[in-house]
Amino acid sequence: GVECVLFNEEYMTCTWGSRETLAANYSLYYWYENGSPVVECKHYLQDHGVSVGCHFNQSEIIQFQPFHVLVNASLGGRTLKIPSERMELQDLVKPEAPVNLTIHNMSNNQLQLTWSSPYPKGHCLEHAVKYKSNKDTSWTEHRVKGDMFSFPSMDHEKYYTFYVRSKINSYCGSTQLWSEWSIPVVWGNNSTSKGAPEEQLHWFWIHTVLVPIASCLILLVLVILLVRMERVWVILMPRIPNPSKNFDELFITHNGNFQEWAGVPKDVVESFKPNYSENICYVSELPPNNSYEPL
């Protein structure tokens, strides 16, 4: 089928598929029940060369008159006609999202949220406000008829995020199409922006981009200094000597024999033993040459 949406009463699109699901050549024709002629779409929406919809300018849109669409699908020399159901364009309006969300302090425990809508008929709108604090796990949503919402029970120890969206009310149409949610506005503790989206974006970039980049740069500079400046490295991380490697030969090669490892002569080692005794050396005195005393 064909789905049509009237965006903010400025333009309308009617779509019937996507490039992945369509294989034929399509053409769209439309007319109103007031006796107007059948007209072919002037501005097709293309997806990689395949017609998937039609764009209508504001001058081609007539509300409160029944609207009909016929789509011809041509494939292999055959044409299939796909008529649409009767449509009321005032029931297909999708407003643009609200803008200029502003929070006002009314008292110690009350806030007032205001906004404006780009939709030209403000009296035809109803709104929905959703909000959540940093301590909440789910959103709270309220329906609002005007362009103002009072929040009576705020907690100064929390900060709150607010969104607003709009749709046509029952007095101007029966549409169920809501606008997109607005840009959020934030208020409360730890919220330096106090409701200004530009300030929120500023602090977002500082905390999520600039601070991590600055930290990484500082860390990189410190690493370069520690690697390239050996003197600083020695001061900060002094090397602890390991004497065990000097005795590897004593225990591995000489099996703990200190005498062999140190190269001490065996007789020197024996001299230090408690039961050591020297060999007796006999000494005799020879008489003088002019003596006749027998030897």
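In this text the structure is predicted, and so the values were computed from the model without any measurement.

## Comments concerning the overall build of the protein
Scanning the protein from terminus to terminus reveals 5 helices and 17 strands. Surface exposure of the protein reaches about 20700 Å², of which carbon and sulfur atoms provide 57%.

## Side note on the state of the cysteines
Inspection of every chain in the model, using the stated rule, returns 3 disulfides. Cys41 shares a disulfide with Cys54; S-S distance 2.0 Å. Disulfide Cys41-Cys54: the torsion about the S-S bond is 100°, which places it as right-handed. On the criterion of sequence distance, the pair formed by Cys41 in the loop between β4 (39-40) and β5 (44-47) and Cys54 in strand β6 (residues 50-56) is long-range, its members being 13 residues apart. Across this residue pair, the class does not change: Cys41 and Cys54 are buried. Disulfide pairing places Cys124 opposite Cys172 at an S-S distance of 2.0 Å. Classification of the bridge connecting Cys124 and Cys172 rests on its S-S torsion, roughly -70°, and on that basis the disulfide is left-handed. Taken together, the residues Cys124 in the loop between β12 (110-116) and β13 (125-133) and Cys172 in the loop between β16 (159-168) and β17 (185-188) connect sequence positions 48 residues apart. You can call Cys124 buried: its relative accessible area is 4%. Numbered by position along the chain, the disulfide-linked cysteines of the protein connect as 1-2, 3-4, 5-6.

## Some words on the sheet that holds strand β14 (residues 140-144)
Either a parallel or an antiparallel arrangement is found when strands of a sheet pair, and the pairing is made through backbone hydrogen bonds. The strand order across the open sheet built from 4 strands is β14-β13-β16-β17, with neighbouring strands paired in antiparallel fashion. Only two strands of the sheet have a single neighbouring strand rather than two, namely β14 and β17. When the angles between neighbouring strand axes are averaged without regard to direction, this sheet yields 25°. For β16 and β17, the ladder comprises 4 bridges, and the chain directions are antiparallel. Across the sheet, Phe162 pairs through a bridge with Val185, a residue of β17.

## Section: the confidence of the model for the protein
The predicted model of the protein has a mean per-residue pLDDT of 80, with 72% of residues at 70 or higher. Low pLDDT, under 50, characterises residues 191-196; the stretch is placed with 13 contacts to residues that sit more than four places away or in other chains.

## Topic: the packing of aromatic side chains
Overall, the coordinates contain 14 aromatic pairs when judged by the stated rule. Relative to Phe162, the ring of Tyr131 lies with its centre 5.7 Å away and its plane at 35°, an arrangement referred to as tilted. With Tyr131 in strand β13 and Phe162 in strand β16, the pair connects residues that are 31 residues apart, well separated along the chain. With relative accessibility at 12%, the residue Tyr131 sits in the buried group.

Rules and cut-offs
Residues numbered from 1 in each chain as written. Predicted model: local features only at pLDDT ≥ 70, side-chain atom pairs only at ≥ 80, totals over all residues. Heavy atoms only, no water. Helix = DSSP H or I, 4+ residues; strand = E, 2+ residues; numbered from the N terminus. Areas by Shrake-Rupley, 256 points an atom, 1.4 Å probe, with all protein chains shown as cover. Disulfide = S-S within 2.5 Å. Buried < 20%, exposed > 50% of the residue type's maximum accessible area, 1.4 Å probe, protein only. Pairing = 2+ DSSP bridges. Axes fitted to C-alpha atoms, helices over the stretch in contact; angles between N-to-C directions. pLDDT = per-residue confidence, 0-100. Contact = heavy atoms within 4.5 Å. Phe/Tyr/Trp six-rings, centres within 6.5 Å; stacked < 30°, edge-to-face > 60°.

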